[in-house]
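# Descriptive structure summary
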Amino acid sequence: MVATPTPYSLPGPDPGPGFAAASTGVLHDVTYPRVGGQTIQLGELLGALSHALDLTEGQPRGHCVRCCWIGMQVADYLHLSRQDRSDLYFTLLLKDLGCSSNAARISTLYRTDDLSFKRNFKFVDDTTWKKLDFLLQHTGQGDSGFKRLKTVTGVIARSDSIATELIQTRCDRGAKIAQLMRFSERIAGGIAALDEHWNGGGHPAGISRKDIPLFSRIALMAQVTDVFALQYGSGAAADELESRAGSWFDPELVPVFTRVVRTPGFYDTLTSDRLETSVFSDPAARATLRVDDTYMDDISYAFSKVIDAKSPFTYGHSERVAHYTDMICETLGFELPHRRWMVRAGLLHDLGKLGVSNAILDKPGRLSDQEMKQMKLHPEFGYEVLRRISVFQDIADVVVAHHERLDGKGYPYGLGAADLTVEMRILTVADIFDAMTADRPYRSALPLEKAFATMDEMQGTAIDPEIHRALKEAIAASPWPAREARPFSPNY
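As the structure is a computational prediction, the values presented were derived from the model and not from experiment.

### Focus on helix α21 (residues 378-386)
His378, Pro379, Gly382, Tyr383, Val385 and Leu386 are the residues of α21 that are buried. End-on, the buried residues of α21 take up no more than an arc of 165°, which puts them together on one face. Considering only its buried residues, α21 is in contact with α1 (42-56), α18 (336-348), α20 (369-375) and α22 (393-399).

The following block contains the structure:
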């Protein structure tokens with residue numbers, strides 16, 4: 001029996017950490033924190049990182065948080081146990097962990113912007129004409145008529161196998177990353193089956209009915225609810241849920257969802273600035289854990305996998321930058337805690353690229369002015385996410401500056417030598433070095449000697465000569481090429 005809905009209410013506004021870009025363009029000096037002994041609420045950590053997942057899904061900021069709130073309202077009606085509520089909470093918040101892994105493939109197969117493709121695909125159901133209309137509008141954008149027709153017909157001919165491939169990649173990767181972050185098999189399983197449908201017509205396994213984990217069934221319905229409610233209103237969202245009952249959705253869950261959606265105040269609460277505070281006041285979110293170095297390493301490493309899955313040209317990039325960063329730090333005599341902190345910065349430095357279209361990231365030619373403008377936003381995207389997490393706030397200041405230059409001609413703030421800490425300079429050198437010695441869409445990897453010669457010419461203008469010297473010394477003492485960089489460990 002479904003309980004009677006009541007109007008929603010939220011706690012007061014939270015003045016917690018938000019995006020605080022320096023208006024003067026000058027960042028404060030970084031003093032790396034000693035992590036051991038700190039505690040952090042899981043909601044703070046994972047809620048902020050969920051905003052990075054929203055970026056790569058092309059969703060309005062807060063999508064995962066809104067889905068979490070919707071799903072937890074349903075949990076209340078279902079009277080789920082405390083453990084079930086906790087597992088559902090994290091399944092909802094992290095449902096898109098694997099979303100970056102199929103971005104490049106979507107961009108290649110459909111010759112389109114993956115962000116708009118993903119955003120708009122969430123409005124498509126199993127109706128043939130809707131699928132066809134979507135393909136015609138989102139395939140081969142910018143191509144000539146004949147080339148576009150060839151792409152569309154090729155996609156239609158392989159539509160089932162393509163859908164299975166894309167969703168298999170997404171679901172498998174998401175589940176594995178959840179495990180890297182130390183979440184349970186139940187949560188990983190809920191993420192893995194996110195795109196299964198009640199009638200067996202979903203992907204990747206084509207399982208049906210109660211074989212689909214409850215958490216997956218709730219998460220998919222919460223996702224559809226959010227995108228339709230934001231675009232068309234709560235009434236349209238409820239209608240959409242009812243129209244897919246028995247096909248996509250569990251017919252026993254649909255009435256529960258529609259009662260939640262039709263509760264007075266649902267839309268106002270869903271779009272309220274205070275929603276995030278409400279979500280993070282849930283008992284599951286308030287659970288605290290003692291943060292040690294190993295846990296921070298694991299979280300950083302897991303999210304580097306999300307970042308690097310975005311593009312085949314960045315596969316392994318974050319790990320290699322972290323590896324080169326550590327090599328430089330060791331050469332400069334940094335103590336182990338400082339080195340570990342810097343490795344986390346290396347792993348997370350490109351977090352903001354999740355918000356950049358693969359049509360730009362993987363473009364084989366020169367970027368247009370508008371495309372370059374979009375590319376230059378990625379340090380700020382990453383900064384905005386990391387600044388929301390207390391144990392990553394100082395790392396955020398280093399990450400946002402990894403494209404700055406000593407001569408002030410970098411981005412996003414145009415900082416000069418006087419503003420750039422040694423940590424920022426190290427990360428910049430490590431990033432440039434890997435970019436030069438790895439394949440890129442517009443050129444093959446440079447030989448080591450040519451990469452160093454090019455960087456020699458950048459000394460004093462773009463990069464710090466002392467940091468560059470330390471890199472060269474470290475590389476000379478290590479096997480090359482370092483294609484299989486490892487996550488940081490004290491045994492380096």
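### Focus: the packing of helix α3 (residues 82-93) against helix α9 (residues 185-192)
Between α3 and α9, the least distance of the axes is 9 Å, while the angle of their chain directions is 45°. Classified by the angle between their axes, α3 and α9 sit oblique to one another. Note that α3 runs across α9; the crossing there is right-handed. In contact with Gln83, Asp84, Asp87, Phe90 and Thr91 of α3, α9 contributes Arg186, Ile187, Gly190 and Ile191.

### A short note on the environment of Cys68
Structurally, the position occupied by Cys68 is in helix α2 (residues 63-78). Using a relative accessible area of 0% as the deciding quantity, one classes Cys68 as buried. Aside from chain neighbours lying at most four places away, what touches Cys68 is Tyr89, Leu92, Leu93 and Val279.

### Topic: the packing of aromatic side chains
In the structure shown here, the tally under the stated rule is 7 aromatic pairs. Plain terms: the ring middles of Tyr89 and Phe90 are 5.1 Å apart, the flat faces sit at 85° to each other, and that makes the pair edge-to-face. Residues Tyr89 and Phe90 agree in their burial class; the two are buried. Measuring from centroid to centroid gives 5.0 Å for Tyr324 and Phe433, while their planes differ by 80°, and the two rings are edge-to-face. Here Phe433 lies in helix α23 (residues 422-437) and Tyr324 lies in helix α17 (residues 317-331), a separation of 109 residues in the sequence. An aromatic cluster of three or more residues is present, and its members are Tyr89, Phe90 and Phe183. When the ring centre of Trp248 is taken as reference, the NZ or CZ atom of Arg244 above it lies at 4.2 Å. The ring of Phe452 has Lys472 lying over it, and the distance from NZ or CZ to the ring centre is 5.7 Å.

### Some points on unusual backbone geometry
Looking along the chain, the bond that leaves His203 and enters Pro204 is cis, with omega of 5°. Here Pro204 lies in the loop between α9 and α10 (214-232). The residue after Tyr411, namely Pro412, is reached through a cis peptide bond having omega 15°. Here Pro412 lies in the loop between α22 and α23. The phi torsion at Arg182 lies on the positive side, around 75°, for a residue other than glycine. Looking at the secondary structure, you find Arg182 in the loop between α8 (159-180) and α9. Under the relative-accessibility criterion, Arg182 is labelled partly exposed at 46%. Its identity as a non-glycine residue notwithstanding, Arg209 has a phi of 50°, on the positive side. Structurally, Arg209 is set in the loop between α9 and α10.

### Observations concerning the packing of α10 against helix α11 (residues 234-243)
Interhelical geometry of α10 versus α11 gives an angle of 140° and a closest axis separation of 7 Å. Pair α10 / α11 crosses with right-handed handedness. Residues Met221, Val224, Thr225, Phe228, Ala229 and Tyr232 of α10 touch α11, and the partners they reach there are Ser234, Ala236, Ala237, Glu240 and Leu241. A per-class count over the contact of α10 with α11 returns 8 nonpolar, 2 polar and 1 charged.

### Some remarks on the side chain of Thr258
Among the secondary structure elements, Thr258 is positioned in helix α12 (residues 254-261). There is a polar contact of 3.1 Å between the side chain of Thr258 and the backbone oxygen of Pro255.

### Considering the pattern of salt bridges
Under the criterion given, the structure shown has 28 salt bridges. Overlapping salt bridges, with partners in common, bring together Asp293, Asp297, Arg340 and Arg344 in one network.

### What to know about the confidence of the model for the chain
Any region with low pLDDT has predicted coordinates that should not be read closely. The pLDDT averaged across the chain works out to 83; a share of 83% of its residues lies at or above 70. Here residues 1-31 is modelled with pLDDT under 50, and outside its nearest four sequence neighbours on either side it reaches 67 contacts, counting other chains as well. Ignoring residues within four places in sequence, the model shows residues 483-488, a span with pLDDT below 50, making 20 contacts including any to other chains.

### Considerations on the side chain of Thr269
Residue position: Thr269 is located in helix α13 (residues 266-270). Overall, Thr269 belongs to the buried group, its relative accessible area being 7%. There is a polar contact of 2.9 Å between the side chain of Thr269 and the backbone oxygen of Gly265.

### Some thoughts on the nonpolar core
If you look at soluble globular proteins, the nonpolar side chains tend to sit buried side by side. Counting residues in hydrophobic clusters, the biggest one holds 119 residues, and the most contacted among them are Tyr89, Leu97 and Phe303. Apart from residues no more than four positions distant in its own chain, Tyr89 is found in contact with Gly43, Cys68, Met72, Val279, Phe280, Asp282, Ala284 and Ala285. Counting 5 residues, the second largest nonpolar core, distinct from the first, contains Ile360, Leu361, Leu367 and Met375.

Parameters at a glance
- Residues numbered from 1 in each chain as written.
- Predicted model: local features only at pLDDT ≥ 70, side-chain atom pairs only at ≥ 80, totals over all residues.
- Heavy atoms only, no water.
- Buried < 20%, exposed > 50% of the residue type's maximum accessible area, 1.4 Å probe, protein only.
- Helix = DSSP H or I, 4+ residues; strand = E, 2+ residues; numbered from the N terminus.
- Arc of directions from axis to C-beta.
- Contact = heavy atoms within 4.5 Å.
- Axes fitted to C-alpha atoms, helices over the stretch in contact; angles between N-to-C directions.
- Parallel < 35°, antiparallel > 145°, perpendicular 65-115°, else oblique.
- Left-handed = near helix turned anticlockwise from the far one by under 90°.
- Phe/Tyr/Trp six-rings, centres within 6.5 Å; stacked < 30°, edge-to-face > 60°.
- Lys NZ or Arg CZ within 6 Å of the ring centre and 35° of its normal.
- Nonpolar A, V, L, I, M, F, W, Y, C, P; charged D, E, K, R; others polar.
- Polar contact = N/O pair within 3.5 Å; in protein donor to acceptor, adjacent residues only side chain to side chain.
- Salt bridge = Lys/Arg side-chain N within 4 Å of Asp/Glu carboxyl O.
- pLDDT = per-residue confidence, 0-100.
- Core = buried A, V, L, I, M, F, W, Y, C linked by side-chain atoms within 4.5 Å.

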